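# Observations on the three-dimensional arrangement
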Amino acid sequence: MGNVNVRKGSQKLYLDFRFRNQRCREQTELNDTPGNRKRLELMMDRVKAEILLGQFDYAKTFPSSKMLTKLNSQDKALNSAAGLPPEFEEFTEIWFFEMQASWRRSYEKTIRMILDHRLIPEFGKKAVDRITKADLLQFRAHLAKVVRKNGKHLSATYINRHMKIMRMILNEAADRYEFTTPYMGIKPLKVPKSDIEPFTPHEIKLILNTVRPDFKDYFMVRFFTGMRTGEIDGLKWRYIDFENRLILIRETIVDGHVEYTKTDGSQRDIQMNQQVFDALQNIRKITFNNEYVFCSKTGSPLRHDLVTKRVWHPLLKHLGLRKRRPYETRHSAATLWLASGENPEWIARQMGHVNTEMLFRIYSRFVPNLTRTDGSAIERMLTNVMAEPNSEEKDNA
């Protein structure tokens, strides 16, 4: 059933027909003339034929129709009632809502950005069970060709992060709607190993002797505790135990928000050496009435981006040192501890690592540069032992 009718007020023609038990009226800007009626009657005949054959595509025929929203909602309701997998965008919003309570605020922000900027635009209108392995590989290949404004391609780490989120979403959808996830057999891109650049003892001394006086204690603590940027910027006086000489790492600050530490293992007690103890006593005289140990004049926590831009990089440039991240202060602490012969398990605990595996994997190559690990240490010990007279020699003497 379908007709071409005319609106009484505007005298414009419109199509009047039924589709999926819904009355549909599509307006036109055509005046009521014999020629226009003939044109729309031909269109109406085609629409009725396609509906009868089950080939009618409403969105293609009337792309700007307000009826599309109602029909799409109807489709989703029917799919839900039938237990059919929803579109990727719909399922993703459900997944995001269910998962966000378990995420740190910063991670939630990252996930939301990736979903809105990359994943939903690419896969949003596809049913989750219709996304194929080929679709995923093509998407990854497309990301690999994207060039940033600085002329560099997206890194393997950045691309792997997108693919990891796709894997989590599709695996959950596959489990709920009982289809085989297309992510099987897709391995992460290889990430080039990044080198750390810790400072030498001479460079550390040079930095601490030259840095602005109001930041000397701040960097003293960074260099000799191995604290992460968010940990030291979010450090509060209630977590400083001067009596037992401990810094209690219980929180971190990310994007201005106080959060739980990076991992459970990051919850730790750092022992103060004398330099750190003295530095905290110095800063105590200035900021003890504030919540945060290191803070601005208004009492708010330091913004690491401003410290890096206004203090750190200008200082390195002034001293003629290579440009490096402030995070290298953490790496510097680890290499100094290793070089001084501290127990690796103790160092791992100070750093917030659950075991020594990461410690040796990241820092072992720097130890030979700071200590003798070429066999000379054992040679000196044996030389001293062999040079000592034994008991018989002592008796004969």
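I will try to describe carefully the structure that is included in this document.

## Observations regarding the nonpolar core
- Among the nonpolar cores identified, the biggest contains 40 residues, and I207, F219, F223, I240, I247, L280 and F294 are the most heavily contacted of them.
- For this core, the elements supplying multiple residues, two or more each, are α8 (201-210), α9 (213-225), β5 (246-249), α11 (274-287) and α12 (304-319).
- Not counting chain neighbours up to four residues away, the residues in contact with I207 comprise F199, F223, W312, L315, L316, L319 and L321.
- In this structure, I114, L115, V128 and I131 belong to the second largest nonpolar core, which totals 30 residues.

## Overview of the sheet that holds β5
- Read across the open sheet, the three strands follow the order β4-β5-β8; overall the sheet is antiparallel. The strands lining the two open edges of the sheet, one partner per strand, are β4 (240-241) and β8 (268-271).
- Two strands pair when backbone bridges link them, and β5 and β8 are joined in this way by four bridges, in the antiparallel orientation. Looking at β8, one finds that L248 is bridged to D269.

## A short note on the pairing of strand β7 (residues 257-260)
- Taken together, the four bridges between strand β6 (residues 251-254) and β7 define a ladder with antiparallel strand orientation. The residue of β7 that forms the bridge with E251 is Y260.
- Taken together, β6 and the strand that follows it, β7, pair antiparallel across an intervening segment of two residues, in which D255 is found at a positive phi of about 55 degrees.

## Comments concerning the sheet that holds strand β2 (residues 12-19)
- With antiparallel pairing, the three strands of this open sheet are ordered in space as β1-β2-β3. The open sheet is flanked by β1 (2-6) and β3 (22-31), the only strands paired with a single partner. Averaged over all pairs of adjacent strands, the angle between strand axes in this sheet comes to 25 degrees, irrespective of strand direction.
- Sheet strands in contact with helix α1 (residues 34-53) are β1, β2 and β3, and its direction is about 10 degrees off that of β2.

## Comments concerning α8
- Turning to α8, its buried residues number three or more, namely E203, I204, I207 and L208. Seen along its axis, α8 keeps its buried residues to an arc of 130 degrees; they face one direction. Away from the buried face of α8 by more than 90 degrees, exposed residues H202, K205 and N209 are located.
- Those residues of α8 that are buried are in contact with α9, α12 and α13 (328-339).

## Notes on α12
- At W312, α12 shows its maximal kink, close to 30 degrees; a proline, P314, follows between one and four residues later.
- Restricting attention to buried positions, one finds in α12 the residues V307, T308, V311, W312, L315, L316 and L319.
- On its buried face, α12 is in contact with α8, α9 and α13.
- The first or second residue beyond α12 is G320, which carries a positive phi of 75 degrees.

The rules we used
- Residues numbered from 1 in each chain as written.
- Predicted model: local features only at pLDDT ≥ 70, side-chain atom pairs only at ≥ 80, totals over all residues.
- Heavy atoms only, no water.
- Core = buried A, V, L, I, M, F, W, Y, C linked by side-chain atoms within 4.5 Å.
- Buried < 20%, exposed > 50% of the residue type's maximum accessible area, 1.4 Å probe, protein only.
- Helix = DSSP H or I, 4+ residues; strand = E, 2+ residues; numbered from the N terminus.
- Contact = heavy atoms within 4.5 Å.
- Pairing = 2+ DSSP bridges.
- Axes fitted to C-alpha atoms, helices over the stretch in contact; angles between N-to-C directions.
- Arc of directions from axis to C-beta.
- Bend = angle between axes of the 7 residues up to and from the residue.

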